[in-house]
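# A structural walkthrough
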Amino acid sequence: MLRLHRFQQLVPRPLYIHPPRPAVSFRRPCPIGHRLHSTSMTSPVASTSQPAQIPALEGPHKDQPAQKKSKDKKAKPDATSSHPLELTPKPEYFDHRIKIFEKLKAEYDEFVKNQPRQEIAVTLPDGSQRKGTSWETSPMDIAKEISKGLADRVVIAKVDGNLWDLERPLEGSCSLELLDFEHPEGKRVFWHSSAHVLGEAAERHYGCHLCIGPPTEDGFFYEMAIQDRPVVNTDYPVLEKVADMAIKEKQKFERLVVPKETLLEMFGYNKYKKYIIETKIPDGTSTTVYRCGPMVDLCVGPHIPHTGRIKSFMVTKNSASYFLGDAANDSLQRVYGISFPDKKQLAEYKAFLEEAAKRDHRKIGKEQELFFFNDLSPGSCFFLPHGTRIYNALVELMRSEYFKRGYQEVITPNMYNSKLWETSGHWANYKDDMFVLDVEKEKWALKPMNCPGHCLVFDSRDRSYKELPIRMAEFGILHRNEASGALTGLTRVRRFVQDDTHIFCMPTQIEDEIAALFDFMQHIYGLFGFDFELELSTRPDNFLGDIETWNQAEAQLKSALDKFYPGKWELNPGDGAFYGPKIDIKIRDALRRSFQCATIQLDFQLPERFNLKYRPADEAAAVEAGKPPPRPVIIHRAILGSFERFVAIITEHTAGKWPFWLSPRQVLVVPVAVPYREYASEIAEKLTNLGLYVDVDNGENTLPKKIRNGEIAQYNFILVVGQEELDGRSVNVRNRDDVGTKTRAETVPLDVLIEKLSALKETRSITNKLV
């Protein structure tokens, strides 16, 4: 049995929801449901319709057995690089950097030697204390005191809440946490250190100039400028061999704080590092560099103690990119990798990738004829009849809940004059992500979100406090100008629809409305078997409005989270929308991968910008006192997010085995011979009249072949009818999810079956079982 839970954050997903961000992003935070990130990928648009390619499984690697010689003249040649393992002579910048580093290191060692030693107290998370000596005792020393197993397992330390190298001496009394690879921060540090090993291998093999090399959600990458040579997959085994050499040497990660002017001298050969130093480090200040072996890199750290902690290392893929993610800058090459502190984890990771590839929504979408893409409209999905059934079932689910929960559905235009977007603030903050049109000498744009239009609906007449809250919903078609290289199946598209609502309420109603939204969210996710986690995203750098209003909004969201999910949410500083803070909800699918779908955003800005107001209960007294009419607060809300993306997520979550209520192929009726076709058609007509999707196989195939075809097509139930069933007005039921009924099925009276199928659809059960 695969222990797939290990890789809840590790998988290079077919659902590529969150591509790694470059060091500097020029995209802005966007409204709900369909998040945008800058990208430096240069994949062709046509790739959107193709199942995910996984070079990590398909490419050559150093540990793969050599191919046997084939007599076939057309056999593929061995995937080996024609370039030497390492450059000879080695790049001149190796010695240049090391010379400066060793001089500074000697000065730092002397500084540490001269620091006064004092007894310090180190407080552990359980409240216990360990004694140590300032400028001598390190977190690793404490780990060794506790147990050898902990010392071998720990990846990084946190000292007074800040990440700290394990071998770096403590400077005074402090609190101490010891984190292993399974901790999210430990994992990021481990992969960041592995990125340095990849960078070292790239320098030794290509003689390249490195740019940035961060950890990602599923490993790490390094960007580099290589003169007159592209990275190809036959380089993977070579890079892995050089990385393996560095790992076997157990190269220590050594930290130094270096002033800006010395950094410019150290990295003077590399224009990319120079640019980062000149633009990101203020004059007269310092930052850190780290050395491992011959590599010295600009880096804030921290890192693992030495490269020997890496027990398995694999190059997974490569791509083109731009420096700092800007197409106006130099074109670079990006190499990705994955690593683990245990060799078994890499084998499990590869098995996980294979399972993820089987569930790829593009693969299943093609096999089940659900949807396709065409380059004549990139990023816009063509839903086929069976895919449309799934899509409509999701819309019907949300619409039925809206009716129960007091929502009002509206329909608003698809295109607006730029004046609307100027009022809302999107023209200044979001114009580059919109499709802009010239119409009669004026600028117009297709709407990328519904909220400004809903503000016009609210303001279309006088409003009273008695009407609030107004819960306004719309299944409007939205367009966002995603870069062509970022388009990825249904998960990153240009044309989509959201389960988008905006709640206009009084400030005193916010807590009750958020409580109702939490209940709504739990109900919907429960239907699909999702669990979820919550994050509060706070004020970004490009926020609109005044800080006091933001502080008030953030405080209200914190209060709601503490009340309903105490201790079960995380803070995500600086990632709010430009108009307000938000609660992001990430669901986990059957493979334990995380995806953001739901979001709850509090907005005090749009009501101000659109001059929205309502008549208060004490209107006469307010007018007499000269008080302006109060403004509503807007709560932006989505649960499924974009329907397109949610179809992708649920496709991979179920592996194409749809729950009955959502299934595009619910029932297949199979007559055992020609005389029973009429009875089969009668059954199909009765079930179709109930709103079920039913097909009859009256073809010439044998009975076993018909049943097998139905199983492959993922019909929830296959009903086999012959003389016995005709005489008894019954059916022989085979359940897709019940292995025991594949050879011996249950006979059920037709009237009972109709009742049970109706109940199964009505209850929207995730279990494919007649009860």
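The structure under discussion appears in the preceding block.
The paragraphs below set out a description of the structure included in this document. (Residues numbered from 1 in each chain as written. Predicted model: local features only at pLDDT ≥ 70, side-chain atom pairs only at ≥ 80, totals over all residues. Heavy atoms only, no water.)

### Regarding the pattern of salt bridges
Defined as follows: A side-chain nitrogen of Lys or Arg and a carboxyl oxygen of Asp or Glu constitute a salt bridge if their distance falls within 4 Å. Strands are runs of DSSP state E lasting at least 2 residues, helices are runs of H or I lasting at least 4, and numbering of each runs from the N terminus. Categorising residues by exposure relies on relative accessible area from a 1.4 Å probe, with only protein chains included: less than 20% of the type maximum marks a residue as buried, more than 50% marks it as exposed, and the intermediate range marks it as partly exposed.
Inspection of the entire model under this criterion finds 48 salt bridges. For aspartate 519, the salt bridge is made with arginine 405, and the minimal N-O distance between the two is 3.0 Å. A residue pair is termed long-range when its members are at least 10 positions apart, and aspartate 519 in helix H15 (residues 510-528) and arginine 405 in the loop between helix H11 (385-404) and strand E16 (407-409) qualify at 114 residues. Residue classification places aspartate 519 among the partly exposed positions, given a relative accessible area of 45%. The class of arginine 405 is partly exposed, set by a relative accessible area of 21%. Arginine 495 is the partner of glutamate 644 in a salt bridge, and the nearest nitrogen-oxygen pair spans 3.7 Å. Taken together, the residues span a long stretch of sequence, with glutamate 644 in helix H19 (residues 643-654) and arginine 495 in strand E22 (residues 495-497) at a distance of 149 residues. Judged by relative accessible area, which is 26%, arginine 495 ranks as partly exposed. One continuous salt-bridge network, built from bridges that share partners, spans Glu401, Lys404, Arg405 and Asp519.

### Comments concerning the packing of aromatic side chains
To describe a pair of aromatic rings, one takes the distance between the centres and the angle between the planes. Here is the rule: Aromatic pairing here means that ring centres of Phe, Tyr or Trp (its six-membered ring) are within 6.5 Å. Orientation follows from the plane angle: under 30 degrees is stacked, over 60 is edge-to-face, and everything else is tilted.
Counting across every chain of the model gives 36 aromatic pairs. Each ring, one from phenylalanine 221 and one from tyrosine 336, has its centre 5.5 Å from the other, and the planes form 55 degrees; the classification is tilted. Taken together, the positions of phenylalanine 221 in strand E8 (residues 219-225) and tyrosine 336 in strand E13 (residues 331-340) put the pair 115 residues apart, joining distant regions of the chain. Summarising the burial analysis for this pair, phenylalanine 221 and tyrosine 336 share the class buried. Summarising the aromatic geometry, the rings of tyrosine 402 and phenylalanine 475 are spaced 5.7 Å apart at their centres and angled 25 degrees between planes, so their arrangement reads as stacked. Of this pair, tyrosine 402 sits in helix H11 while phenylalanine 475 is found in the loop between strand E20 (470-474) and strand E21 (477-479), placing the two residues 73 residues apart along the sequence. The burial state of tyrosine 402 is the same as that of phenylalanine 475; both residues are buried. The structure contains a cluster of three or more aromatic residues connected by ring pairs, namely Phe371, Phe373, Phe383, Tyr391, Tyr402, Tyr407, Phe475, Phe520 and Phe643.

### Focus on the sheet that holds strand E27 (residues 594-603)
We apply this condition: One bridge is not enough; two strands pair if DSSP finds at least two bridges between them. To get an axis, a line is fitted to the C-alpha atoms, and for a helix only the part in contact is used. The angle between two axes follows their N-to-C directions and goes from 0 to 180 degrees. Here a residue-residue contact requires only that any non-hydrogen atoms of the pair lie within 4.5 Å.
Pairing is mixed across the open sheet formed by eight strands, whose spatial order is E16-E20-E23-E28-E27-E26-E24-E25. Pairing within the sheet leaves two strands with one partner each, and these edge strands are E16 and strand E25 (569-572). For this sheet the average axis-to-axis angle between neighbouring strands, irrespective of direction, equals 25 degrees. Taken strand by strand, H19 contacts strand E26 (582-588) and E27, and its axis lies near 145 degrees from that of E27.

### Considerations on the packing of H11 against H15
Condition: Two helices crossing with the near one rotated counterclockwise from the far one by less than a right angle form a left-handed crossing, whereas a clockwise rotation gives a right-handed crossing. Polar here means any residue outside two lists: the nonpolar Ala, Val, Leu, Ile, Met, Phe, Trp, Tyr, Cys and Pro, and the charged Asp, Glu, Lys and Arg; Gly therefore counts as polar.
The contact between H11 and H15 brings their axes to 12 Å, and the two run at 145 degrees. Note on packing geometry: the crossing formed by H11 with H15 is right-handed. Contacts between H11 and H15 involve Leu394, Leu397, Met398, Glu401 and Tyr402 on the former and, on the latter, Phe520, His523, Ile524, Leu527 and Phe528. Class assignment for the residues of the contact of H11 with H15 results in eight nonpolar, one polar and one charged.

### A short note on the sheet that holds strand E11 (residues 295-298)
Taken together, three strands build an open sheet; the order of strands is E9-E10-E11 and the sheet is antiparallel. Every other strand in the sheet has two partners, leaving strand E9 (254-259) and E11 as the edge strands with one partner each. Direction aside, the axes of adjacent strands within the sheet are offset by 30 degrees on average. Pairing of strand E10 (residues 286-292) with E11 involves four bridges; the strand directions are antiparallel.

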